[in-house]
Amino acid sequence: MNSDFTEGLRGSTPILVSTIPFAALFGAIAVSNGQTVAEATLMSAIVFAGASQLVGIELFGHAVPLWVIVLSIFAVNFRHILYSAAITPFIAHFSPLQKAVSFFLLTDPQFAQTLTRGETGRRVSFAWYMGFATTIYVGWVGVSAIGAGFGRLIGNPAAWGFDVLLPIYFMGLVLGFRKRSNFLAVVFVSAVVSVLAQQLVGSPWHVSIGALAGVVLAALLPPKAAAAPAAEGEDKP
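Here is what the cut-offs are and how they apply
Residues numbered from 1 in each chain as written. Predicted model: local features only at pLDDT ≥ 70, side-chain atom pairs only at ≥ 80, totals over all residues. Heavy atoms only, no water. Helix = DSSP H or I, 4+ residues; strand = E, 2+ residues; numbered from the N terminus. Buried < 20%, exposed > 50% of the residue type's maximum accessible area, 1.4 Å probe, protein only. Contact = heavy atoms within 4.5 Å. Areas by Shrake-Rupley, 256 points an atom, 1.4 Å probe, with all protein chains shown as cover. Arc of directions from axis to C-beta. Salt bridge = Lys/Arg side-chain N within 4 Å of Asp/Glu carboxyl O. Axes fitted to C-alpha atoms, helices over the stretch in contact; angles between N-to-C directions. Parallel < 35°, antiparallel > 145°, perpendicular 65-115°, else oblique. Left-handed = near helix turned anticlockwise from the far one by under 90°. Nonpolar A, V, L, I, M, F, W, Y, C, P; charged D, E, K, R; others polar. pLDDT = per-residue confidence, 0-100.

### A few points about the overall build of the chain
Along its length, the chain carries 12 helices and 0 strands. Ordered by position in the sequence, the α and β elements of the chain form the string α-α-α-α-α-α-α-α-α-α-α-α. Split into buried and exposed, the 237 residues of the chain put 38% on the buried side. Sequence-distant contacts, at least 24 apart, represent 74% of the contacts inside the chain between residues at least 6 apart. Within the structure as shown, the chain displays about 13600 Å² of accessible surface, and the carbon and sulfur contribution to it stands at 71%.

This is the structure we're talking about:
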């Protein structure tokens with residue numbers, strides 16, 4: 001069990017590097033929108049959803065109606081419904097409390113690594129799951145607090161090139177599924193629909209609309225049949 005937890009810690013360490021600038025950016029933005037350092041840190045601790053936190057804090061700062069904030073955050077986080085359904089078969093042995101904790105800690109990289117681990121035949125233990133999640137969670141909350149206190153010293157993360165780290169990491173996650181059936185078609189349709197939705201509907205709805213388009217296409221397209229093994233005694237090339 002300890003080895004699983006340690007393996008999870010090691011596996012998520014590179015992710016922490018890519019999230020540091022965004023956690024610091026959230027802290028700085030939260031303070032600039034009227035939150036205290038304690039409030040910004042608490043928000044990271046109890047919401048723990050980077051994109052949703054950034055969307056929410058920006059909308060709070062512009063005094064828009066509460067229902068707009070709720071719907072916007074729901075649009076950004078809709079993909080987590082799909083994530084939860086996809087990993088459920090691999091965490092079915094978790095207790096109800098463990099499942100509740102697991103879903104709270106569910107992030108994009110946590111989903112990708114859990115799915116990959118489960119589909120390659122390795123057991124997804126609660127110890128491994130918590131080890132993987134701990135680095136990300138503690139790092140996100142801690143750096144959010146640092147960003148809230150000192151974020152203005154960082155300035156614009158884009159000026160340092162930090163803004164490309166997370167997109168590159170997410171691209172790596174997507175490419176990790178490249179051997180799946182109809183991968184290119186699903187990615188292409190999701191990307192095109194997302195870009196169109198951003199132009200026609202706006203952010204953050206384009207994220208969910210693009211994801212739904214990919215899900216619908218994946219459901220409609222039949223998976224490619226695996227090559228049948230050669231019959232016994234049949235000559236092999």
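### Regarding helix 5 (residues 79-87)
Every buried residue of helix 5 is listed here: Arg79, His80, Tyr83, Ser84 and Ile87. Considered in projection along helix 5, the buried side chains sweep an arc of 140 degrees and stay on one side of the axis.

### Re the pattern of salt bridges
Per the counting criterion, the structure on display carries 1 salt bridge. Ionic pairing is found between Arg117 and Glu7, a salt bridge with its closest N-O pair at 3.1 Å. Of this pair, Arg117 sits in helix 7 (residues 108-119) while Glu7 sits in helix 1 (residues 2-32), placing them 110 residues apart in sequence.

### Quick look at the packing of helix 11 (residues 183-200) against helix 12 (residues 205-220)
Orientation of helix 11 relative to helix 12, taken along the N-to-C sense of each, is 150 degrees, at an axis distance of 8 Å. Of the possible angle classes, the one that applies to helix 11 and helix 12 is roughly antiparallel. Here the hand of the crossing between helix 11 and helix 12 comes out right-handed. Contact with helix 11, carried on its side by Ala185, Val186, Val189, Ser190, Val193, Ser194, Ala197 and Gln198, involves His206, Ile209, Gly210, Ala213, Gly214, Leu217 and Ala218 of helix 12 and no other residues of that element. Partitioned by chemical class, the residues of the contact of helix 11 with helix 12 number 9 nonpolar, 6 polar and no charged.

### Here we look at unusual backbone geometry
Backbone geometry places Phe48, a non-glycine residue, at a positive phi of 50 degrees. Mapped onto the elements, Phe48 comes out in the loop between helix 2 (37-46) and helix 3 (50-61). Judged by relative accessible area, Phe48 falls into the buried class, the value being 6%.

### Describing the confidence of the model for the chain
Per-residue pLDDT for the chain has a mean of 81; in total, 81% of the residues score no lower than 70. Averaged pLDDT values over the elements of the chain bottom out at 61 in helix 9 (residues 157-160) and peak at 95 in helix 6 (residues 96-104).

### Some words on the side chain of Ser144
Tracing the chain through its elements places Ser144 in helix 8 (residues 126-154). Apart from residues lying up to four places away in sequence, Ser144 is in contact with Ala23, Phe26, Gly27 and Ser44.

### Examining helix 2
Within helix 2 the residues assigned to the buried category are Ala40, Thr41, Met43, Ser44 and Ala45. Positive phi shows up at Phe48, right after helix 2, with a value of about 50 degrees.

### Section: the packing of helix 1 against helix 2
The contact between helix 1 and helix 2 brings their axes to 9 Å, and the two run at 130 degrees. Comparing their axes, helix 2 and helix 1 come out oblique. For helix 1 against helix 2, the interelement crossing comes out right-handed. On helix 2, the residues touching Phe26, Ala30 and Val31 of helix 1 are Val37, Ala40, Met43 and Ser44. Its residues assigned to classes, the contact of helix 1 with helix 2 shows 6 nonpolar, 1 polar and no charged.

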